[in-house]
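# Structure assessment
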Amino acid sequence: MYKRILVISDNIFMCSNFKQIFEELSLPSVTVSYGISPFSNRNIFEKDLKLTVFEYDLRCNQQVDEIIEKFDLVLSIHCKQIFPNNLVNSLKCINVHPGYNPLNRGWYPQVFSIFYDLPVGATIHEIDEHLDHGNIIDRDFVEKEIIDTSYTLYKKIIQKEIFLIRKNLSSIILNNYSTIKPENEGRLFLRNDFNDLCEGDLDLKITAEELINRLRALSHENFKNAFFIDKTTNKKIYISIKLEYE
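Presented here is a report on the structure given in the accompanying data block. Please read all numbers here as calculations on a predicted model, not as lab measurements. Residue indices follow the written sequence of each chain, beginning from 1 at its first position. Thresholds applied to this predicted model are a pLDDT of at least 70 for local features of residues and 80 or more for the giving and counting of side-chain atom pairs; totals over whole chains, interfaces and linings are not thresholded and use all residues. Hydrogen atoms and water are omitted, and side-chain values are computed over all heavy atoms in the structure.

### A short note on empty space enclosed by the protein
Quick reminder of the rule: In this analysis the probe radius is 1.4 Å and the grid spacing 1 Å, with only protein atoms considered; a cavity is a set of points the probe fits into but cannot get out of, a pocket is an open set with protein on both sides within 12 Å along at least five of seven lines, and lining residues have an atom within 4 Å of a point. Grid points are joined across faces, edges and corners, and a volume is the space filled by probe spheres set on the points. Numbering goes from the N terminus for both helices and strands, where a helix is a DSSP run of H or I of at least four residues and a strand is a run of E of at least two. Note on residue categories: nonpolar means Ala, Val, Leu, Ile, Met, Phe, Trp, Tyr, Cys or Pro, charged means Asp, Glu, Lys or Arg, and polar means any other residue, Gly included.
Summed over all chains, the structure comprises two cavities of 30 Å³ or more. Of the pockets and cavities examined, the largest cavity occupies roughly 60 Å³. Elements with a minimum of two residues in the lining of the largest cavity: β4 (73–77), β5 (92–97) and α6 (150–174). For the lining of the largest cavity, the element with the highest residue contribution is α6, accounting for four residues. The space that makes up the second largest cavity amounts to roughly 40 Å³. For the second largest cavity, the full set of lining residues is N101, P102, R105, D132, H133, G134, P182, N184 and E185. Looking at the lining of the second largest cavity, its residues break down into two nonpolar, four polar and three charged.

Dropping the structure here:
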């Protein structure tokens, strides 16, 4: 049984839902601390969670050593940092990933699921020395529709992650869960792959369907992702798409 748990998250919505699920378990002998990366605003998290939130920079060896000394389980829930090898080799680390491993490893799984027409879902897995690569505790698919954009599909994935957390958190804390190995290495998408996808080539000959799917994959609420370069002004022009049934 794990009694000293650290949750590192950069997603307030997911962190708040985790906190609610954990409190429903009523495990008085277990303590959970909450942390963020330097990329998030601690004041915002503390206001929402109504508790003290710590900031951990996993690039700092001293802070990693502190985590290893103080906790026996670390949960990554949409943490924007890569866990260093000395951390994952020193204590149990588990990740909640918004993709179906091993099909959607790495960055923005919903984006590449739409662009490459891959199945997508959510996964809870042990963290090893490779990105979204460790043994799988649980996973499930999410239904993808033709009108889904990055944003609408992401919202579905978030709800599936919450479902998997609720289903598995007790067994994870009690350390009586089972795992399966990923069937293969799958597909790994990195930040550079996303950046390459964002810039459109006005001279590229593609079908209307391919163009729509590219814009669906890159349309995420108010984020400026897809763009092309105006040949007259040399400025970026951003573009997104919204789809709905009649």
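### What to know about the environment of K242
Quick reminder of the rule: Classification of residues uses two cut-offs on accessible area relative to the type maximum, computed with a 1.4 Å probe and protein chains only: under 20% is buried, over 50% is exposed, and between them is partly exposed.
Relative to the helices and strands, K242 is located in the segment after β11 (236–238). The exposure class of K242 is exposed, given its relative accessible area of 73%. For the pair K242 and Y154, spaced 88 residues apart in the sequence, the C-alpha separation amounts to 15 Å.

### Things to note about the nonpolar core
Counted only if it meets this: Nonpolar cores are built from buried Ala, Val, Leu, Ile, Met, Phe, Trp, Tyr and Cys residues. Side-chain atoms within 4.5 Å join them into one set. Whether two residues touch is decided by their heavy atoms; if any such pair falls within 4.5 Å, the residues are in contact.
Within the largest apolar cluster, 49 residues are counted, with the highest numbers of intra-cluster contacts made by I5, F18 and I165. The contacts of I5, once residues within four sequence positions are left out, are V30, T31, V32, S33, F71, D72, L73, L75 and I173. Among the nonpolar cores identified, the runner-up in size contains 15 residues, and I8, C79, V88 and I127 belong to it.

### A word on the packing of aromatic side chains
This is how the line gets drawn: For this analysis, a ring pair means two rings from Phe, Tyr or Trp (six-membered ring only for Trp) whose centres lie within 6.5 Å, classed as stacked if their planes differ by under 30 degrees, edge-to-face if by over 60, and tilted for the remaining angles. Counting as a charge over the ring demands two things of the Lys NZ or Arg CZ atom: a distance within 6 Å of the ring centre and an angle within 35 degrees of the ring normal.
Counted under the stated rule, the structure contains 10 aromatic pairs. Centre to centre, the rings of F112 and F189 are 4.2 Å apart; their planes meet at 5°, and the pair counts as stacked. Taken as a pair, F112 in helix α5 (residues 109–115) and F189 in strand β9 (residues 188–189) lie far apart in primary sequence, 77 residues in all. Each member of the pair, F112 as well as F189, is classed as buried. Joined through ring pairs, the aromatic side chains of F112, F115, Y116 and F189 make up one cluster. Over the ring of F54 we find K70; its NZ or CZ atom is 5.4 Å from the centre of that ring.

### Remarks on the layout of surface pockets
Empty space among the atoms can be located by rolling a probe the size of a water molecule over them. The volume enclosed by the largest pocket comes to roughly 1300 Å³. What lines the largest pocket is a set of 43 residues, among which H78, C79, K80, W107 and Y108 lie closest to the centre. Among the secondary structure elements, those contributing two or more residues to the lining of the largest pocket are β5, α5, α6, α7 (191–198) and α8 (208–218). Broken down by element, the lining of the largest pocket gets its largest block of residues, five residues, from α6. Considered class by class, the residues forming the lining of the largest pocket number 20 nonpolar, 14 polar and nine charged. Within this model, the second largest pocket holds a volume of roughly 280 Å³.

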